[in-house]
Amino acid sequence: MKRFFLLITATFVFVSVSAQVKDFSYKFYGRVRTDVFYNSRHNVESVEGAFFMYPKDIQLDPNGEDLNAVSNSGDFIFCTRLGLDIAGPMLFNAKTTAKIETDFGGFSTSVLGNFTTLRIRHAYVNLDWGRSSLLVGQTWHPLFGEVLPSIVNLNTGCPFQPFSRSPQLQYNYKFSRFNIKAAAVFQNQYRSSGPLGSKMLEYSRDAVVPEMFAGIDYRKEGFIVGVGADVLTLTPRTQSTKGELTFKVSERNVSASLLAFASYSSEWWKLNAKTIYGQNNVHTLSLGGYGVTSIDPVTGAYDYVNFNHSTSWVNVVYGKKWQVGLFGGFTKNLGTNKPLVSSSMTYGMGMDIDKLYNMSVQTDYNIKNFTIGVEYSYSVADYGTIQTATGKVTNTHAADNHRIAALCNYSF
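Residues numbered from 1 in each chain as written. Predicted model: local features only at pLDDT ≥ 70, side-chain atom pairs only at ≥ 80, totals over all residues. Heavy atoms only, no water.

Draft legend 1. Structural context of the overall build of the protein. On a plain count of helices and strands, the protein comes out with two helices and 23 strands. Relative to the 2.2 N^0.38 estimate, which gives 22 Å for 412 residues, the radius of gyration of the protein is 24 Å and therefore close to what a compact globule would have. With the C-alpha coordinates of the protein rotated into their principal frame, the extents come out at 75 × 60 × 55 Å. Within the protein, buried positions represent 44% of all 412 residues. One way to put it: in the protein the 37 positive side-chain charges average out to a point 10 Å from where the 31 negative ones average out. (Helix = DSSP H or I, 4+ residues; strand = E, 2+ residues; numbered from the N terminus. Rg over C-alpha atoms; globule rule 2.2 N^0.38 Å. Buried < 20%, exposed > 50% of the residue type's maximum accessible area, 1.4 Å probe, protein only. Lys, Arg positive; Asp, Glu negative; His and termini not counted. Charge placed at Lys NZ, Arg CZ, Asp CG, Glu CD.)

Okay, structure coming up:
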């Protein structure tokens, strides 16, 4: 009797699944990718050196030798990727689709060292009514957008090009050749920094209000141009310790960013560019942050001020089977609108960098679904001292890195 009920249950499950599958179609895709790199010095980076951002500052030992002037190299395959596109039945008079995409870029630690693990890159459902659509789930942050560099390095131009995949609600509305985008964005893997430590979820979670984005773009025959605005609200702390007393505090920091972008593509050319006037975009792996501008004498609560950064990049690629490309990026710290209490009470990434720039040249060979490429990039970071009166960085010195990266990619 027990076996009979198990058989009946399994039959119902099979029939139910079969009925559902009839209304769905599936398309698998992915890639097998191998990357090799060489650096002339130690750098600020992630995922075992695969994701390069900028050179580390000069750190002298007692003999005057730079501890970070050490060359290094590596080979990694964890950017191998697998995805699934799903087309489903009509729902609420909308065409439904979904995407699930994963790679091996997650890391776990054991007594034997770090190991790569599967992680979610994209996971969302999209409802498309034709003129309008609603996306629910995790995908690229709106500041990342659809205009990005075409380069060999895994970082896709970071930290000049914002980089983040985030849970969000994204609404798009199309009319004529225009597209309006609005999104409520939440933090997950990519997080903000603050007085409790770097990359912590509490800052955005305790703020309750999600990050808000709005933008519009115009498209015509391979040409895209657009603008957007982004507002991020954080709660750096909910309590403060003053002497032996602990107070509940209501701290808030609101930052804003403006961006403009343009793209042109033809049979032989790709031209892409983006510029951002931004505040506190650490959660998109961009330079910036905020600092304390005043302290309440009774409760010890902080008031905050954002650092202003200007970031721009441009990328030109020519060719089809054989391609050559150039990339250039530049970031400048423009300081703060109020004086800081202390240069040590600042929270973010690259706070002691006055300007950062990168120049890269690459060549690719593409045949069907196979690509090999090599790229040389030169990066310079001007480190210095944060001035409390202005938030600007002065008395600078340069740290530079020469990087060679190569890839072999097979897509399916």
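Draft legend 2. Here's a closer look at the pattern of salt bridges. Enumeration over the complete set of coordinates arrives at 14 salt bridges. Across the salt bridge formed by Arg81 and Glu101, the nearest N and O atoms sit 3.7 Å from each other. Taken together, the positions of Arg81 in strand β5 (residues 81-87) and Glu101 in strand β6 (residues 95-110) put the pair 20 residues apart, joining distant regions of the chain. One salt-bridge network, in which partners are shared between bridges, spans Arg81, Glu101, Asp103, Arg119 and Arg121. (Salt bridge = Lys/Arg side-chain N within 4 Å of Asp/Glu carboxyl O.)

Draft legend 3. Expanded view of the side chain of Arg121. By secondary structure assignment, the location of Arg121 is in strand β7 (residues 113-128). A polar atom in the side chain of Arg121 sits 2.7 Å from the side chain of Glu101. Sequence-distant contacts of Arg121, defined by excluding residues within four places in its chain, comprise Arg81, Glu101, Thr102, Asp103, Gln138, Trp140 and Arg165. (Polar contact = N/O pair within 3.5 Å; in protein donor to acceptor, adjacent residues only side chain to side chain. Contact = heavy atoms within 4.5 Å.)

Draft legend 4. Representation of the packing of aromatic side chains in the model. Enumeration over the complete set of coordinates arrives at 19 aromatic pairs. For the ring pair Phe51 and Phe163, a centre distance of 4.8 Å and an interplane angle of 70° mean the geometry is edge-to-face. Residue Phe51 is found in strand β3 (residues 51-55), and its partner Phe163 is found in the loop between β8 (132-140) and β9 (165-175); the two are separated by 112 residues along the sequence. On the basis of relative accessibility, which here comes to 7%, the residue Phe163 falls in the buried class. (Phe/Tyr/Trp six-rings, centres within 6.5 Å; stacked < 30°, edge-to-face > 60°.)

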